[in-house]
Amino acid sequence: MATSDKTAIRGIRLPSSLTARIFGILVGLAAWMLLAAVFPNNLMPFPLETLGLAWGLVESGVAWRHLGATLWRTLWGFVGSMILGTAIGVLMGVNNYSRRFFTPYVVIGLSIPAIAWAAVTTLIFGFTLMGPVGATVLTTFPYIAINVWKGVESIENDLVDMSKAFDITRPRMLARLIIPSAAPFLFSGFRFGLAISWKIVTIAEIFAASSGVGYKLMQTYQLYQFETAWAWAILFIIVILIVEYGFVKPLERRVFEYRRDADFALLG
Amino acid sequence: MYTNGKVIFLESTVALLVFWALLAHGLALTDTISSPTLVFASLVELLLSGDWVVHMADTMRRVIYGFVLTTIIGTVLGVVMGMSDFWENALQDYITIGLALPSLFAAIFAAMWFGLSDVTPMVAAAAIAFPFLTQNVYEGVKNVNYELMEMSSAFDVSRNRAIRRVIFQSVLPEWFAGARYSFAICWKITTLAELVAASSGIGYMIEFQMHKLSITGVLTWTVLFTMVILFVEYGILQQIEKRVFAWRQSTEIGIMGGA
Amino acid sequence: MSTKQSESVSAESIDSQSAASIHLENLGKTFDTKEGTEEVFSGIDLDIEPGTFVCLLGKSGSGKSTMLNIVSNVLEPTEGRVVFRNRDGSEDVNLGHVFQSPRLLPWNTCVQNIEYVHENNPDYEDSHAKRYLDLVGLKNHYNKYPTQLSGGQQQRVGIARALSIDPGVLLMDEPFSNLDEITAEGLREELVRVWQKLDKTVFFVTHDMTEAIQLSDRILMLGKGRIYGDLENPLDRPRELDSNEFLEFRQKAIRLFHSIED
């Protein structure tokens, strides 16, 4: 109850929080202008210049090709790491032996840098879809496995006992108790997985592709086209924000309707 | 229980190595996926030659630079955001973007600005890692148990003592968790930045081996670096955390942190 | 013994299976421990008439939870058995459970929480759940989530859920012990009111003498591995907690309760 009061109070003070946000954005823009004025223009273009360049990339169609390639790889990397991560996470939750058996894989997996996987999968699979996707799956799955495992561990024994007392069958328990109970963890694994997949795909594209935002960014750097690099960065951030606010946040709200005052940090 | 755990650990690592070896030798894929024996032989050779020392030292130095910068920015912003509603609102959008920002961007822009110097990995790592620490510190400050503060004032505990014994103590674990997490990010971004712009370091060597098309070389450097990281994370940081925060029941696997 | 009010309005809309009797036959339980076996109780014979409100009273460690778990079929007895019997002699009796904490699914509304336990009931409709929510006084809370309810209201949902499967016997494990005394007292009155409307046998475990006297027809005291007290409750309903009869009976019951040493 106390928390919902707090939200109510916050709701009333919305105007002042809006002022603060606008202030924050203005300060950011001012800092950008200042940097652009101090640095040589090709190192740090002005905001409008950058947007213009970005628009140029969109208009010429180059942007779609590379953004599309990156999105496509992100999708497959994400799906693959969700499958592998969920499988290992569930296995870790099943019993003590399997938890101990799979823990080293997760721990070692967390300690291997993405560039190492990117190099390995490129050498194995060449310039195919499997290169960046493989690197993404291998780097991302441990994070998802941990979240799923925590979700399985979090299921309350009291509720399982209650269900047994009322003779609830296993499929119904799974659908009504186990999955909803693990849902926050599954979801935070999902978000984590998505957020990391973006990052790893762009890294893997340095080696393992001849298209994609990571590839273009590296290329512009090597050709000293720094303004274009900024334009790519802006475009990609816009895409990420669209996915974040247009897709993930609404989904989160729907999934967690019952938790009115729950507070979700971006990355779980 | 303890030995039992060790036995299972051995079983699972051996299972992986055997699977790898069977795949490599059984299907004659040693050129494509190398093999445990090849990597082990090359690792021994590398360790004996001593060439790894300078690269490891360079990488570690850059990781520490980046981590120090991360800690300063992350802690200051986290405290400011936790204490003031205004700054919380003003900065939250930047934290959101910062958390989602692909590391490659930070590495490439740092490389453009600072070239082949230690500043490049330092700035890149800090730019990516600090939002995570800020987030943790901010939540820690927000979640200070005000019942304990009320209790303190009911017992006439001085303000300074309350800050030290309640606020500091309750934020410290969050801070440490965030710091560990951002450390993991720092070494990941440092290797990435070395790949983009450096002439030494682990990231540079992995790229070098990759351009030689030597999978064994790539894996050798990866294994070496992973072992060092595992030692730092579990042999040092986790032990510190266990001692300092013994009062907290924690089952975290730790060492998270997106690349 | 059962005082069913035939003129009650809301009870008419609820078709209730009639109460069942409970029979404990030479019931005993021992646990294996490191130092050998430990006997919780043994040789317990007990017959509980259908429609009776029975309170099982015991101090902590007396084995009352163990006994409830055996009656609920969660634990196997070491010896003897528990039999439930309907008035027509059949032994196919539904058991309704109310737990110490409400044990509601936090992601489901009140109605959905009741619907959850009607897996094998093809005739189930939400109106069924709503009738039982009405019965426990939650008319305006059908679609609320547990977090939006007070602790007392949550436990009401727990009671409605147990009643909704139309049990012959209602098993209650200190259901009000986590609530503040005022809320608990209100809920006890409610529970008696509902029980009077429906024909149910109630097996209620508690460590609180006042609660036992306020609720029960019969009080069983468990300690030292046996039932050492078995009192008929002579008080008429509704019961006034500060009436002389109540206080007198309470005195007598407490003396008996403390007649065995810990």
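Within every chain, residues take consecutive numbers counted from 1 along the sequence as written. Labels follow written order: the first chain is A, the first ligand is 1, and so on. In keeping with the predicted nature of the model, local features appear solely for residues at pLDDT of at least 70, side-chain atom pairs appear and are counted solely at 80 or more, and the whole-chain, interface and lining totals rest on all residues. By convention in this description, side-chain values take in all heavy atoms of the structure and omit both hydrogens and water.

Before going further, it helps to examine the domain arrangement of chain C. Residue and element names in this part refer to chain C. Where each domain begins and ends is defined by an automated method or by a domain database. You can read the domains of chain C as domain 1 (21-94 + 169-257) and domain 2 (105-165). Measuring from the centre of the C-alpha atoms in domain 1 to the corresponding centre in domain 2 gives 25 Å. Residues count as neighbours in contact if any of their non-hydrogen atoms are within 4.5 Å of one another. At the junction of the two partners, domain 1 supplies 14 residues and domain 2 supplies 10 residues. A quick way to say it: buried area is the sum, across both parts, of accessible area lost when two parts are put together, with a 1.4 Å probe. Buried surface at the junction of domain 1 and domain 2, both sides included, amounts to about 1000 Å², of which 75% is carbon and sulfur. Here, a salt bridge means any side-chain nitrogen of Lys or Arg that lies within 4 Å of a carboxyl oxygen of Asp or Glu. At the surface where domain 1 touches domain 2, the tally comes to 1 salt bridge. With a shortest N-O distance of 3.3 Å, R156 and E190 are connected by a salt bridge. Polar contacts here mean pairs of N or O atoms no more than 3.5 Å apart (in protein, one a potential hydrogen donor and the other a potential acceptor; neighbouring residues in sequence count only if both atoms are side-chain atoms). Taken together, the connections running from domain 1 to domain 2 amount to 4 residue pairs in polar contact (both at pLDDT 80 or more). When contributions to the side of domain 1 that touches domain 2 are tallied by element, the ones reaching two or more residues are β6 (169-173) and α5 (181-197). For helices the rule is a DSSP run of H or I covering at least 4 residues; for strands it is a run of E covering at least 2, with both sets numbered from the N terminus onward. A per-element tally of the side of domain 1 that touches domain 2 places α5 first, with 6 residues.

Looking now at the packing of aromatic side chains. For any pair of aromatic rings, the description consists of the separation of the ring centres together with the inter-plane angle of the planes. Note on ring pairs: Phe, Tyr and Trp rings are taken, using the six-membered ring of Trp, and paired if centres are within 6.5 Å. Classes follow the plane angle, with under 30 degrees stacked, over 60 edge-to-face and the rest tilted. Using the criterion set out here, one finds 25 aromatic pairs over all chains in the structure. Ring plane angle 20 degrees and centroid distance 6.3 Å describe the contact between Y204 of chain B and F208 of chain B, whose orientation is recorded as stacked. With Y204 of chain B and F208 of chain B both in helix α10 (residues 202-211) and 4 residues apart, the pair spans about one turn of that helix. Here the term buried applies to any residue with accessible area under 20% of the maximum for its type, exposed to any over 50%, and partly exposed to those in between, with areas from a 1.4 Å probe on protein chains only. On the basis of relative accessibility, which here comes to 23%, the residue Y204 of chain B falls in the partly exposed class. On the accessibility criterion, F208 of chain B (37% relative accessible area) is partly exposed. Residues F53 of chain C and W195 of chain C carry aromatic rings whose centres are separated by 5.5 Å and whose planes lie at 80 degrees to one another, so their mutual orientation is edge-to-face. One end of the pair, F53 of chain C, is in strand β3 (residues 53-57); the other, W195 of chain C, is in helix α5, with 142 residues separating them in the sequence. The class for F53 of chain C is buried, based on a relative accessible area of 0%. Taken together, W32 and W230 of chain A together with F109, W113 and F114 of chain B form an aromatic cluster joined through their ring pairs.

Counting from both sides, the interface comprises 65 residues of chain A and, opposite them, 69 residues of chain B. Each partner contributes to the roughly 5900 Å² buried at the junction of chain A and chain B, and carbon and sulfur atoms together form 77% of this total. Interface area lost by chain A to chain B is led by I115, L123 and K199 of chain A, which between them contribute 11%. At the surface where chain A touches chain B, the tally comes to 1 salt bridge. Across the pair R21 of chain A and D93 of chain B runs a salt bridge whose closest N-O atoms are separated by 2.7 Å. Our count for the chain A to chain B interface comes out at 9 residue pairs in polar contact (both at pLDDT 80 or more). Taken together, the elements giving at least two residues each to the side of chain A that touches chain B come down to α2 (14-38), α5 (96-110), α6 (114-125), α7 (130-153), α9 (170-208), α10 (213-222) and α11 (226-255) of chain A.

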